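What follows is each chain in one-letter form.
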Amino acid sequence: MACLLLVLVVIGMHVRPAAADPLSVHAFRMAGDATRMRVVVEFDREPDFQWFLLRGPHRLVVDLPESSFAFDSEALEPRGLVSNIRYGKLYDGHSRMILEVKGPFAVERVDMLRNETSPGYRMVADIVAASEEAFEAALAEQAAPAGSAVKAPKAGNPEVPAKTGDDTFTLVIDPGHGGIDGGAEGVSGTQEKDVTLAFARQLRDAFKDKPGISVVMTRDGDRFLRLDERVRIARQAGADLFVSIHADTIRYKGIRGATVYTISERASDAVAKAAADRENLADSVAGVDVAEDNRQVADILVDLMRRETHGFSVGFARSLIREMSDTVQLIKNPHRSAGFRVLRAPDVPSVLVELGYLSNKKDEAQLLDADWRARAIDSMAAAIRRFAGLRNGAGG
Ligand SMILES: [Zn+2]
């Protein structure tokens, strides 16, 4: 009996101070890229927590009971969509974690889960790059109920930010390569990054002073941009259409002319596969380490194909080819598809246009010819205007 009492006393003594102990927050993990990030935080027990958004800069804030943080500094290195992480005591009994995000984002989930194979709990937060409008809408929603901080604002489907009342169609033009990544090189020394930028600027100017279509460029200078950064810019701009401009090289001698690519899990043919492989190398050419789980990539691709967006991409690709076939030379079967990383925005219809092959002397000369460029741009602008009309006409 005495022995049992002693045990109870020992347990009691052990338990009571533990309840007042600060929460132990002992691990932080982050995975993803500039378009999507998963953040996992480990706790010794289930905490009471609340999260909310702040703007200027865009932040995700998680409020916790007073906590002792023991994070590995390497795990906190900013990367992908997350530009900074701060944490610490707010006031007695309260601690806070702040994730600073590179521009507007949407929260897909913030869940507290019991660990399956080890003691403790973990918080899993998924955030994705989104338009300023989507972020503002989430802010407004969290502010709506009067009183204290709000737990989860209703998620809705943040992958498809609702179109706001404004009818402006946002075109994002993405000049391929840039900076340290020169892209392909022409037979007489032309660099792909220069051709794509010059063409993109000219295409942008085709919409100057025309109401209804606003143009955003992923780059407007000779600078390097990761592929996922290009997708992030498109999503955060609230793009209605994303057009990536390229001018590749090819081993096959006889092939020349323009090609329009959309995304697909399996490449439509060997030429398309080779093109996607080369374009996807852009990050590693620049020495950027892009670790990727292949399975996850495959899942993303399958998911993309299911979405309505993909139908819009294919529709636009076909209409673009119809317009261009009147004015410029296209390769045989000019609509092809493969797993281009830059075409991965799940909610933005996206195409990649290979204007021609820098490895082909005639194509190279054409790409540098003002008349040819003007014709190609007229056709592209016409296809874009038609697409914008259709989408706005259909209520976005
Ligand atoms: Zn390229």
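Look a little higher up for the structure.
Conventions and cut-offs
Residues numbered from 1 in each chain as written. Predicted model: local features only at pLDDT ≥ 70, side-chain atom pairs only at ≥ 80, totals over all residues. Heavy atoms only, no water. Pairing = 2+ DSSP bridges. Helix = DSSP H or I, 4+ residues; strand = E, 2+ residues; numbered from the N terminus. Axes fitted to C-alpha atoms, helices over the stretch in contact; angles between N-to-C directions. Buried < 20%, exposed > 50% of the residue type's maximum accessible area, 1.4 Å probe, protein only. Donors = N, O, S within 2.8 Å, 3.2 Å for Na, K, Ca; no water. Core = buried A, V, L, I, M, F, W, Y, C linked by side-chain atoms within 4.5 Å. Contact = heavy atoms within 4.5 Å.

As for the sheet that holds strand β13 (residues 258–263)
In spatial order, the strands read β11-β10-β12-β15-β13-β14; together these six strands make up an open sheet with mixed pairing. Unpaired on one side and paired on the other, β11 (213–217) and β14 (330–338) mark the two borders of the sheet. Shown here is a sheet whose adjacent strand axes are inclined to one another by a mean of 20°, direction ignored.

A look at the pairing of strand β12 (residues 241–248)
Strand residues, when the strand is regular, have side chains that alternate between the two faces of the sheet. Across the eight residues of β12, eight count as buried, placing the element largely inside the fold. Here strand β10 (residues 169–175) pairs with β12 via five bridges, running parallel. Bridging across to β12, Val172 finds its partner in Phe242. Sheet topology note: the β12/strand β15 (residues 350–357) ladder contains six bridges and is parallel. Along β15, the bridge assignment pairs Ser244 with Leu352.

Some points on the coordination of the zinc ion
Tetrahedral coordination by four donors places them ideally at 109.5 degrees to one another around the metal; octahedral coordination by six donors ideally gives 90 or 180 degrees. Within the first shell, the zinc ion binds the protein through His177 (NE2), Glu192 (OE), His246 (ND1), Glu279 (OE) and Glu279 (OE), at distances of 2.0 to 2.3 Å. The class of His246 is buried, set by a relative accessible area of 5%.

Re the nonpolar core
Note on soluble globular proteins: their nonpolar side chains tend to be buried together. Counting residues in each nonpolar core, the largest one holds 40 residues, and the members touching the most others are Leu171, Val243, Phe316, Leu320, Met380 and Ile384. Contributing elements (two or more residues each) for this core: β10, α3 (192–205), β11, β12, β13, α8 (308–325), β15 and α10 (370–393). Of all the elements, α10 adds the most residues to this core, at nine residues. Contacts of Leu171, omitting those with residues within four sequence positions, involve Phe207, Ile213, Ser214, Val215, Val216, Leu241, Val243 and Ile384. Judged by nonpolar contacts, the second largest core, of 34 residues, contains Phe71, Leu81, Val110 and Tyr121.

Overview of unusual backbone geometry
With an omega of -5°, the peptide bond running from Gly56 to Pro57 counts as cis. Summarising the element assignment, Pro57 is placed in the loop between β3 (50–54) and β4 (59–65). The backbone of Asp209 sits at a positive phi, close to 60°, despite the residue not being glycine. Inspection of the secondary structure assignment puts Asp209 in the loop between α3 and β11. Classification of Asp209 by relative accessible area gives exposed; the value is 76%. Despite not being glycine, Asn333 shows a phi value in the positive range, around 50°.

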